[in-house]
Each structure stands twice: as structure tokens, then as C-alpha cells.
Amino acid sequence: MNNNNNEKIEKIIEKILQLYDKGKTLSDMVRLFPEHQNEAKEIMRVLDVFQSGKKVVPPRELLSQILADIKGVTENEIYRLFI
Amino acid sequence: MDKYQDLNPRELMDLAKNGNRDAFGALYELYFVPVFRYIFLRTKDKKDSEDLTQTVFLKVYSSISRFQEHGKSPLAYFFTVARNTVIDYWKKKREVVVNDLSETPETSHDHSDENLHRDIEREEAAKSIHEALDKLSEEQEKVVVLKFINEFSNREIADLLGKSEEAVRQLQCRALKALRQHLKDAL
């Protein structure tokens, strides 16, 4: 029973990954699994959390600051910071 | 720094290892966003993510002579340093039980019941996934972050990690399965 369930989940995940690569939206994907909506929704919930991570953009000033820091100190000075 | 734009990351890393700081800068331009997003996913704190990103890049700079390619992209090395840095961060913050998820950028300011409920559910899911990521192998975690946060293709991930596309697909599948199970158990 457990093995069957495992295989079923793996097949759904594989199919979802294929659809994801084809650019399907999360809601499109749920509709494509009428018989396994609960399992599909559980996987979608994971992907949904990752979707939010895509919106995170670091401030450009941070990169400028890091590059300035590196230009301003020697490798030995940086090395000493972490030992 | 324009003359470095045509070089691939491995060529940039070679130059950087020989002390070329402009090549290092070009490499940082390439990896700044992926590394920051990875750290933010693991910390959910914007200010801490900025500090840790800075730490990661300085650590890579100080340890670049030890980088050995072994068929992997420099990004894999940056991610390993980032992962270890995040592990150190959580060790230091172990006493902090509540992780503030209120700064996630997708948090809606519309406080209708339905939206509030959805936001709370999403924050709980995010917290659970954050915990579940700790249980993934380093490779599974890298693959998931590269694929779903930074939108690399399977081909690109395979090249970055020195693996076949099929191996990358299997890692994604196992990681999603583990994350889904963790989320199911947690909620």
C-alpha cells in the first residue's frame, strides 16, 4: 500500500515537473490532476513557497559595498576576519 | 569590467584565483542575486541576508585559492560557502525560537479575512519548508534553490553541478517528495 502510494506521488511529481518546465502555472497544474487534486495541491504548496522567493531582489548598493570592501582590503585582512 | 562579460564563470574564476579583482567583481555580479535569494530563503530576514551575503562573498574571496573545479561550476562553490555560513548563523541564533516571517515581500497588506488566512497559511508553509530544507541533502537543496528560486534550466543545473540532466531530475523529484511529506506532516 505504502509502495503504491509512493509510486503514485513520484509519478505526480514527475508530471508536475514536466509541466513546470513547460511554463504551466500552479493553478493550471492543479486542474490537470482531477483524480489526485489533494496530492497535487500539496506539491503546489511547496512550489508556491518557492515562487515567493523569486520576488526577492537584493539592493544593488550591497554589491557595490562588497566590491568596495574587497578592493579596500588585502586577502590576509579578510582571511583574519574569519579565523 | 565590460571586457569580462564574454568570459564564462570558470574563466573568471581562474583569473580571480590569480588575483584579478575585476574578474572577481564580474563573478560577483553574476552570482549576487542567486546567493542572496538562497540565503533569504534560509533566514527569511532581509537585513541578516544582506549581512550574510557580504560574509559569503568575503569568505569566497579569502578562500579562492582553495577552490578546485572537479567538473563543478564556481556557483556550486559559492553555494557551499553560503550553506555553511547559514548553518553557522542558525547555530548562533539557536536560542531564538520565533522566526520573523513578517518581512516576506509577498505579504499582502489587504487584511480581509480571506487574505489574512491565506497569508498565515503561506507563512506556516514557508516556515515548514525552511525546516524541511535542513533535512535535504546538500545536492538536493542546491538543485531545488537553483531550479525553483533562481529559475535555472535542468541543463544549466547539470552543468553547474557536474551531473547529468537525469540525475538533476531525480534530485528534484526526491527533494519535492521530501518537502511535500514534511509539509503534510507539519500542517
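Refer to the structure above for everything that follows.
The text that follows walks through the structure, step by step, so that each part is easy to find.

Criteria and thresholds
Residues numbered from 1 in each chain as written. Chains lettered and ligands numbered in written order. Predicted model: local features only at pLDDT ≥ 70, side-chain atom pairs only at ≥ 80, totals over all residues. Heavy atoms only, no water. Axes fitted to C-alpha atoms, helices over the stretch in contact; angles between N-to-C directions. Helix = DSSP H or I, 4+ residues; strand = E, 2+ residues; numbered from the N terminus. Parallel < 35°, antiparallel > 145°, perpendicular 65-115°, else oblique. Left-handed = near helix turned anticlockwise from the far one by under 90°. Contact = heavy atoms within 4.5 Å. Buried area = accessible area lost by both parts, 1.4 Å probe. Salt bridge = Lys/Arg side-chain N within 4 Å of Asp/Glu carboxyl O. Polar contact = N/O pair within 3.5 Å; in protein donor to acceptor, adjacent residues only side chain to side chain. Nonpolar A, V, L, I, M, F, W, Y, C, P; charged D, E, K, R; others polar.

## Describing the packing of helix α3 (residues 46-63) of chain B against helix α4 (residues 74-92) of chain B
Residue and element names in this part refer to chain B.
Then comes step 1: Axis separation between α3 and α4 bottoms out at 9 Å; the angle between their running directions is 125°. Taken together, the axis directions place α3 and α4 in an arrangement best described as oblique. In this structure, α3 meets α4 at a crossing whose hand is right-handed. Where α3 abuts α4, its residues D48, L52, T55, V56, F57, K59, V60 and S63 lie against Y77, F78, V81, A82, T85, D88 and Y89.

## Brief notes about the environment of B:L179
Then comes step 1: Mapped onto the elements, B:L179 comes out in helix α8 (residues 165-186).
Then comes step 2: Between the C-alpha atoms of B:L179 and B:G19, which are 160 residues apart in sequence, the distance is 41 Å.
Then comes step 3: Those residues in contact with B:L179, other than ones at most four positions away along the chain, are A:V46, A:F50, B:I129, B:A132, B:L133, B:L136 and B:V144.

## Concerning the interface of chain A and chain B
Then comes step 1: Counting residues at the interface gives 41 residues for chain A and 45 residues for chain B.
Then comes step 2: Across the chain A to chain B interface the summed buried area is about 4,300 Å²; carbon plus sulfur atoms make up 71%.
Then comes step 3: Ionic pairing is found between B:K177 and A:E10, a salt bridge with its closest N-O pair at 2.6 Å.
Then comes step 4: Where chain A touches chain B, the interface holds six residue pairs in polar contact (both at pLDDT 80 or more).
Then comes step 5: Where the side of chain A that touches chain B is concerned, the elements lending two or more residues are α1 (2-21), α3 (37-53), α4 (60-72) and α5 (75-81) of chain A.
Then comes step 6: When residues in the side of chain A that touches chain B are grouped by element, the largest group, eleven residues, is from α3(A).
Then comes step 7: Per-class residue counts for the side of chain A that touches chain B are 22 nonpolar, six polar and 13 charged.

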